[in-house]
Amino acid sequence: MISTYSNIHRGFLQACSLHGTMTVKDAAKIMVHLFGQYQPNDPIPDEQRLQELIDQINPKLSRFQQKIVLLESDPKQPNYVVFANLSDSPLDRFQTAYPAGELSFFRVVLHELATTEGHKLEQIEWLNLTTKIEEGRSLTKSRAEELLSEWVGAGYLVLDEDGIGFGPKTQVEFDRYLLNNFPDQVEQCRLCKEVLFYGIKCAKCSVSMHKTCAKKYFKKVKNCPACKKAWTVALD
């Protein structure tokens, strides 16, 4: 454990700020490099040390309304480390970066993902969303294809064999927006009460939880926290 704020913390914060979104694997490589540079005599840290490092950095960021989040994402996607700016509405930042038609398109994408079961869209549906943009605003299908690549690269969306889903940056920065605007479609984890996009469900009552929350809970309890029946869903 690092007892004082050090160059390891500063270096890791700088990397998070620079990249915005990283896989846990990539973030762990950076952490290992920093330990090797500044504390070469210490044991090589593993991925579990990431949360400890993040917890030590975040108090320094709170006054700037920023935080680093270790995010459990879609079970088919890697987990991520996300540098989040919470100082204003994320849609306000989109408004300064994109013209009205593209901002309207992003709103449509959020709506469709929030209201679709499993929060996934088939890639073929992407171009059809351009027809749902607010009246008086337009977007070419070629630009929609460019935006898909751009937003995946920025971490706002993910694209895999199951289609298009919420990216890690959207899950962190738009969580309250989505919960407030789509309360019947966006769930909260039964255990931590935070927004839940991709988690695990009880086989008996379909209550949802983050996998990391469930792993901690079931170390002590073997029954579902909702229906109280024996938990049977694999956690790995």
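In this text the structure is predicted, and so the values were computed from the model without any measurement. The residue count restarts for each chain, going from 1 along the sequence in the order it is written. Two thresholds apply to this predicted model, a pLDDT of at least 70 for residue-level local features and 80 or more for giving and counting side-chain atom pairs, whereas whole-chain, interface and lining totals are computed over all residues. Based on all heavy atoms of the structure, the side-chain values leave hydrogens and waters out of the count.

Some remarks on the overall build of the protein chain
What counts here: Secondary structure elements follow DSSP: runs of H or I no shorter than four residues count as helices, runs of E no shorter than two count as strands, and numbering proceeds from the N terminus. Two things to know: the radius of gyration comes from C-alpha atoms, and the globule rule equals 2.2 Å times the number of residues to the power 0.38. Only heavy atoms enter the contact rule, under which two residues are in contact if any of them lie within 4.5 Å. Calculation of accessible area relied on Shrake-Rupley with a 1.4 Å probe; when residues are assessed, cover is drawn exclusively from the protein chains displayed. Note that His is not counted, nor are the chain ends; the positive residues are Lys and Arg, and the negative ones are Asp and Glu. Where a charge lies is defined by one atom per residue type: Lys uses NZ, Arg uses CZ, Asp uses CG and Glu uses CD.
Of the regular secondary structure elements, the protein chain holds 10 helices and 10 strands. Against the globule reference of 18 Å for 236 residues, the protein chain gives a C-alpha radius of gyration of 20 Å, in line with a compact fold. Of all intrachain contacts in the protein chain linking residues separated by at least 6 positions in sequence, the fraction that spans at least 24 positions is 50%. Of the roughly 12900 Å² that the protein chain leaves accessible, carbon and sulfur atoms contribute 48%. Positive and negative charge centroids in the protein chain, built from 29 and 29 side chains respectively, lie 9 Å apart.

What about the UniProt feature "domain: Phorbol-ester/DAG-type" (unreviewed entry) in the protein chain?
Going by this rule: UniProt positions are given in the numbering used here, feature names are shortened, and annotations may be inferred rather than shown by experiment.
The sites that carry the UniProt feature "domain: Phorbol-ester/DAG-type" (unreviewed entry) are, in the present numbering, residues 174-224. Helix makes up 27% of residues 174-224 and strand 16%, and the two end C-alpha atoms of the span are 29 Å apart.

Quick look at the nonpolar core
Under the convention used in this document: Definition of nonpolar core: a set of buried residues of the types Ala, Val, Leu, Ile, Met, Phe, Trp, Tyr and Cys, connected through side-chain atoms within 4.5 Å. Three exposure classes are used, based on accessible area relative to the maximum for each residue type with a 1.4 Å probe and protein chains only: buried under 20%, partly exposed in between, and exposed over 50%.
Core analysis: the biggest nonpolar cluster contains 32 residues, and F105, W126, W151 and L178 have the highest contact counts within it. When residues of this core are traced back to their parent elements, those giving at least two are α4 (90-97), α5 (100-115), α7 (141-153), β6 (163-166) and α9 (175-181). Residue contributions to this core peak at eight residues, all from α5. Here L178 is in contact with L110, A114, F166, T170, P183, V186 and F197, once residues within four sequence places are set aside. Core analysis: the second largest hydrophobic core is formed by 19 residues, C16, M22, V24 and F83 among them.

Regarding the pattern of salt bridges
Put simply, the test is: We count a salt bridge whenever a side-chain nitrogen from Lys or Arg sits within 4 Å of a carboxyl oxygen from Asp or Glu.
Inspection of every chain in the model, using the stated rule, returns 11 salt bridges. A salt bridge links R49 to E52, with the shortest nitrogen-to-oxygen separation between them at 3.5 Å. Here the residue R49 and the residue E52 both occupy positions in helix α3 (residues 49-61), the gap between them amounting to three residues, near one helical turn.

Here's the deal with the packing of aromatic side chains
Given two aromatic rings, one states the distance between the centres and the angle between the planes to describe the pair. What counts here: Ring geometry is summarised as follows: Phe, Tyr and Trp rings, the Trp one being its six-membered ring, pair when their centres sit within 6.5 Å, and such pairs are stacked at plane angles under 30 degrees, edge-to-face over 60 and tilted between the two.
All told, the structure shown has 17 aromatic pairs when counted by the stated rule. On the numbers, 6.3 Å between centres and 75° between planes, the contact of W126 with W151 is edge-to-face. Remark: W151 occurs in helix α7 and W126 occurs in helix α6 (residues 123-128); sequence separation between them is 25 residues. For W151, a relative accessible area of 0% translates into the label buried. On the numbers, 5.0 Å between centres and 85° between planes, the contact of Y217 with F218 is edge-to-face. Using a relative accessible area of 22% as the deciding quantity, one classes Y217 as partly exposed.

Regarding the side chain of K120
Selection criterion: Polar contacts here mean pairs of N or O atoms no more than 3.5 Å apart (in protein, one a potential hydrogen donor and the other a potential acceptor; neighbouring residues in sequence count only if both atoms are side-chain atoms).
Within the element layout of this structure, K120 appears in strand β4 (residues 120-121). A distance of 3.1 Å separates polar atoms of two side chains, one belonging to K120 and the other to D160.

Here's the deal with α7
The periodicity of an α-helix, 3.6 residues per turn, causes residues three or four places apart in sequence to face the same way. Put simply, the rule reads: Helix span, as expected, comes to 1.5 Å for every residue beyond the first.
For α7, which comprises 13 residues, the first-to-last C-alpha distance of 19 Å matches the rise-based estimate of 18 Å (1.5 Å per residue) to within 8%. If you follow the buried residues of α7, they end up packed against α4, α5, α6, β5 (157-160) and β6.

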